[in-house]
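Summary of structural features
What follows is each chain in one-letter form.
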Amino acid sequence: MLRTFPKGGVHPQENKISKGNPIERIELPKQVMIPIAQHIGAPAEPVVAKGDTVKVGQLIAKSTGFVSANIHSSVSGTVAKIEKTIDTSGYKNTCIFINVEGDEWLETIDRTPDLKTEITMSAEEIRAKIAECGIVGTGGATFPAHVKLSVPQGKKCEHLIINGVECEPYLTADHRLMLEHTEEIMVGCKIIQKATGAEKIIIGIENNKPDAIAKMTEAAKKYGITVMPLKVKYPQGGEKQLIKATVNREIPAPPALPIDVGCVVQNVGSTFAIYEAVQKNKPLFERVVTVTGKSVKSPKNILARVGTPLSHLIAAVGGLPEDTGKVVNGGPMMGKAVKSLEVPVTKGTSGVLMFKQSESVRMEENACIRCGKCVSACCMGLEPYLLKNLAKIRDFDALKEERVLDCIECGSCSFTCPAGIPITDYIRYGKATVTKILRSKK
Amino acid sequence: MAENRLAIAMSPHVHSNESVKKIMYSVVIALLPAFCVSVYFFGLNAIRVTLISIVACMAVEWLIQKFLLKGKTTIFDGSAIVTGMLLAFNVPANLDWWIIVIGAIVAIGIAKMTFGGLGNNPFNPAIVGRVFLLISFPSQMTTWPTPQPIWDIKALDAVTGPTPLGLLNEGQMVDYNYMDMFIGNMGGSLGEMSAIALLIGGIFLLIRKVITWHIPVAVLGTMAAFSAILWGVDPTKYADPLFHILAGGALLGAIYMATDMVTSPMTGKGMLVYGVGIGIITILIRTWGSYPEGMSFAILIMNALVPLINNWCKPKRFGEVVKPPKEEVKK
């Protein structure tokens, strides 16, 4: 029996169309647009001005606190402007626009493909390097990695759990990374182990990627790492669900963190980025993005520079299909629909999905028939129908009491609702308002 | 330009494709085997009663939505058809048409639409309709035609006979052939007799994930356990567990009526409590009540408790500590 998390979860159609397509680079765009807020925490502060020339990998915006991250230029060229623009998040943020001129990298970055297995840095130096290189979680939550790897005093990291689950349908970026950069990920694991003092390393991979499981298991032997195949179930890539599935521990309600149950979780993409930062001195300015959709001519896994407009990626897979109704940044379960195709790839962009017109229309909303499917789909043990009703009547005290803040917004309730009620939307509204009320009370 | 047509919506962007309509029509499909068996035993009468009931239920819903509420009509969402079928399955096959229509008016008009239509009714509409008829027309509702295969000439004459539970209620212990009961060759309401047909439909509903195992297992398990205790005390006075499960509306109630999504609890735990309640009340009424069958009353009584059960049986929250440490108030 394969392990998985026991409570809730759904199984959407996988649609991993691009799983057989190797990671490829594409031509650079003419201009990139790099937002200064690509992570959870304080936005970075620009350190370049209009007219400055920058190289690939050069620091262009500096972290402004502990929970914040540095931003580096992904191209070489001239800073065209720095202004507030609607970015991928849908909100107005300061973005740095750089006109691309050639492709000149900083000399300090090791561009050879050689594998460097020897870890010479100390734990302290590793964390400093990761912070310097602006590494954040690349799974979508974009939490700064150096914060996660700083184990607070009095806490111990027993398990380092590497997330190779990729439970979102369509996405294949992590899958390809595990196949093509297996050894680098293993070294990355060892680096994080050194930084956190973790006793054991477990890599969780869902069973729909047998080739990745085989390759990773083979490579893991040398490093003393366990690869754990997991039963396919969404949202297994959620931190809490993954910890439950792999080591059977439950993180208590927020503000508790994985470290409170002795775990640190990192995505395989972040692990690869950490390898490149520590061993190759390469900041996080490019990442693998799955560009796919049912009508897309040639779906691809593209190694894209941060700041590349989505339209540039879409052009590389054969252009926007005629029947496109919606473009999503991220996976279909948690990704955000974008309004314009000129918004950029960020550190958290795992995919660009093009949905057909017919797939972009929501089902008509009917009356709730109290079937309880949302309750059994909720991976946090909440009662989504109740939270929805409470949000509708704006009973925020009751919402807090019913633990609306526990919701991870995985979307399983909306996905499963036969009446087509956008339950997750109602809960998001409730959650945001309760958070606002709690903040104002402080 | 295509870009101007891009839809903006919050995640998730995909859906399971399950719908209320699909669920309701699945229940209709699941009821078909039992319907076929009743046509076999009661002939055209079974078709007559079922059609009148379905058409009446849909008509009542349409009239109310169209002329009273002046809103959207939703009679093809399948819920009125399910109510109509279940109402028909719960009455004798020789019932007069106007009594069936009254049942439909009560089921849809009073038990469903008064509360706001689909999803808002606290009580199972078909059972409310059936119980109303049982109390209002006691003799018509308890005159059961005996099953006759279609080709049997005698089927045309309305031969009536007792039901197993009716006999039990009069204090008679009759040796019934369990095989006959299993197939459905016994007196009773139109669609409740054939255990095998009801089980086939039940398995279909389980596979389609329209119902879960909790309610049927809890109801039937409790009925079996409770009646086994009584039977163990005095086998000459009380019927055995198998008899209780095969007789009357036990299977129809446990698989199709108690599991009605709208009027049953939300969590597995709650469903078990609800099912156990139905099982106990059913056996209590069957054994000591004045009515021979108690399934309908049991389900209605437990329907009334569903909001409380939902409140008591909440799912265990992820990461919940059994006793949360109380924060000390610092002075």
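Residues numbered from 1 in each chain as written. Chains lettered and ligands numbered in written order. Predicted model: local features only at pLDDT ≥ 70, side-chain atom pairs only at ≥ 80, totals over all residues.

Points about the overall build of chain A
What chain A contains, in helices and strands, is 13 helices and 17 strands. Radius of gyration (C-alpha) of chain A: 21 Å, near the 22 Å computed for a compact globule of 442 residues. Seen along its three principal axes, the alpha-carbon backbone of chain A occupies a region of about 65 × 50 × 50 Å. Within chain A, buried positions represent 55% of all 442 residues. Taking the intrachain contacts of chain A between residues at least 6 apart in sequence as the baseline, contacts between residues at least 24 apart amount to 73%. (Helix = DSSP H or I, 4+ residues; strand = E, 2+ residues; numbered from the N terminus. Rg over C-alpha atoms; globule rule 2.2 N^0.38 Å. Buried ≥ 20, exposed ≤ 12 C-beta atoms within 10 Å, placed from the backbone. Contact = placed C-beta atoms within 7 Å.)

What to know about the environment of Asn94(B)
Looking at where Asn94(B) falls in the secondary structure, it is placed in the loop between α3 (79-89) and α4 (97-112). Between the alpha carbons of Asn94(B) and Pro145(B) there is a distance of 6.8 Å; along the sequence they are 51 residues apart.

Some points on helix α7 (residues 268-280) of chain A
Each α-helix winds once per 3.6 residues, and so residues spaced three or four apart point in a common direction. Residue and element names in this part refer to chain A. Relative to the 18 Å expected for 13 residues at 1.5 Å per residue, α7 spans 17 Å between its end C-alpha atoms, a close match to the ideal helical length. Among the 13 residues that make up α7, twelve are buried, leaving the element largely enclosed by the rest of the structure. Asparagine 281 lies just past α7 and shows a positive phi near 60 degrees. (Expected span 1.5 Å × (residues − 1).)

Structural notes on the sheet that holds strand β7 (residues 77-86) of chain A
One open sheet accounts for four strands, arranged β2-β8-β7-β4 (chain A); its pairing is antiparallel. The outermost strands of the open sheet, each flanked by one partner alone, are β2 (31-35) and β4 (53-54) of chain A. (Pairing = 2+ DSSP bridges.)

Examining the interface of chain A and chain B
In this complex, chain A contributes 53 residues to the contact, which on the side of chain B involves 32 residues. At the level of secondary structure, the elements contributing two or more residues to the side of chain A that touches chain B comprise β15 (324-329), β16 (336-337), α12 (412-416) and α13 (423-441) of chain A.

Comments concerning the sheet that holds strand β11 (residues 226-230) of chain A
Residues and elements named next belong to chain A. With respect to topology, four strands assemble into an open sheet ordered β11-β10-β9-β12, the strand pairing being parallel. Of all strands in the sheet, those with a lone pairing partner are β11 and β12 (263-267), marking the two edges. Each strand axis lies, on average, 25 degrees off the axis of its neighbour in the sheet, ignoring direction. Note: strand β9 (residues 159-164) against strand β10 (residues 200-206), six bridges, orientation parallel. If you follow asparagine 163 over to β10, its bridge partner there is glycine 204. The strands that helix α5 (residues 210-223) touches are β9, β10 and β11; relative to β11, the one it contacts most, it runs at about 160 degrees. (Axes fitted to C-alpha atoms, helices over the stretch in contact; angles between N-to-C directions.)

Some points on the pairing of β10(A)
Side-chain direction in a regular strand flips from residue to residue, so the side chains alternate between the two faces of the sheet. Residue and element names in this part refer to chain A. The buried count for β10 comes to six of seven residues, which makes it a mostly enclosed element. In terms of strand pairing, β10 meets β11 through five bridges, oriented parallel. Within β11, the position partnered with glycine 204 by the bridge is methionine 228. For the crossover from β10 across α5 to β11, the handedness is right-handed. (Right-handed = clockwise from strand over helix to strand, strands pointing away.)

Quick look at the pairing of β15(A)
Residue and element names in this part refer to chain A. A large share of β15 lies buried, amounting to five of its six residues. Inspection of the sheet shows β15 paired to strand β17 (residues 351-356) by five bridges, in the antiparallel sense. Its bridge partner being in β17, threonine 324 is matched across the sheet by lysine 356. Two elements, β15 and β16, share two bridges in a ladder whose sense is antiparallel. In the strand pairing of β16, asparagine 329 is matched with lysine 336. Where β15 folds back on β16, the antiparallel hairpin that results is connected by six residues, among which glycine 330 adopts a positive phi of roughly 110 degrees.

A closer look at the nonpolar core
Counting residues in hydrophobic clusters, the biggest one holds 223 residues, and the most contacted among them are Ile274(A), Leu313(A) and Cys57(B). Residue contributions to this core peak at eleven residues, all from helix α1 (residues 20-42) of chain B. Two domains each put at least three residues into this core: domain 1 (1-7 + 15-26 + 106-361) and domain 2 (373-441) of chain A. (Core = buried A, V, L, I, M, F, W, Y, C linked by C-beta atoms within 7 Å. Domains from an automatic or database assignment.)

Points about unusual backbone geometry
The residue after Tyr234(A), namely Pro235(A), is reached through a cis peptide bond having omega 0 degrees. Note that Pro235(A) resides in the loop between β11 and α6 (239-247). Note the cis peptide between Ser11(B) and Pro12(B), where omega equals -5 degrees. Note that Pro12(B) resides in the segment before α1. Of note, Arg394(A) is a non-glycine position whose phi angle comes to about 55 degrees, a positive value. In this structure, Lys70(B) is a non-glycine residue whose phi angle is positive, near 50 degrees. By secondary structure assignment, the location of Lys70(B) is in the loop between α2 (44-68) and α3. You can call Lys70(B) exposed: it has 7 C-beta atoms within 10 Å.

Some thoughts on the domain arrangement of chain A
All names here are of chain A. In terms of domain boundaries, chain A breaks down into domain 1 (1-7 + 15-26 + 106-361) and domain 2 (373-441). Taking the mean C-alpha position of each, domain 1 and domain 2 sit 27 Å from one another. On the domain 2 side, the residues contacting the eleven residues of domain 1 number eleven residues.

Quick look at the environment of Leu198(B)
Residues and elements named next belong to chain B. In this structure, leucine 198 sits in helix α9 (residues 195-207). As for leucine 198 and arginine 317, which are separated by 119 residues in sequence, their C-alpha atoms are 36 Å apart. For leucine 198, the contacting residues outside a window of four places in its chain are Ala34, Leu251, Leu252 and Ile255.

What to know about the packing of α1(B) against α3(B)
Residue and element names in this part refer to chain B. Where α1 meets α3, the axes come as close as 9 Å, and the angle between the chain directions of the two elements is 25 degrees. Here α1 lies roughly parallel to α3, going by the angle between them. Considering only the axes of α1 and α3, their crossing is left-handed. Residue-level inspection shows Met24, Val27, Val28, Leu31 and Ala34 of α1 in contact with α3, the latter providing Ser79, Ile81, Val82, Met85 and Phe89. For the contact of α1 with α3, a count of residues per class yields nine nonpolar, one polar and no charged. (Parallel < 35°, antiparallel > 145°, perpendicular 65-115°, else oblique. Left-handed = near helix turned anticlockwise from the far one by under 90°. Nonpolar A, V, L, I, M, F, W, Y, C, P; charged D, E, K, R; others polar.)

Looking at the environment of Glu18(B)
Following the sequence through the fold, Glu18(B) ends up in the segment before α1. For Glu18(B), the residues in contact, after removing those within four places along its chain, are Thr416(A) and Pro418(A).

Let's talk about the packing of α4(B) against helix α5 (residues 125-136) of chain B
Residues and elements named next belong to chain B. In the contact formed by α4 and α5, the axes pass within 8 Å of each other and the chain directions differ by 130 degrees. On the basis of their axis angle, the class for α4 and α5 is oblique. Where α4 crosses over α5, the handedness of that crossing is right-handed. Seen from α4, the contacting residues are Ile99, Ile102, Gly103, Ala104, Val106, Ala107, Ile108, Ile110, Ala111 and Lys112; seen from α5, they are Pro125, Ala126, Val128, Gly129, Arg130, Phe132 and Leu133. Split by residue class, the contact of α4 with α5 holds 13 nonpolar, two polar and two charged.

Digging into the confidence of the model for chain B
Residues of chain B with pLDDT of at least 70 account for 90%, and the chain-wide mean is 87. Two numbers describe this predicted complex: its pTM, 0.90, and its ipTM, 0.87. (pLDDT = per-residue confidence, 0-100.)

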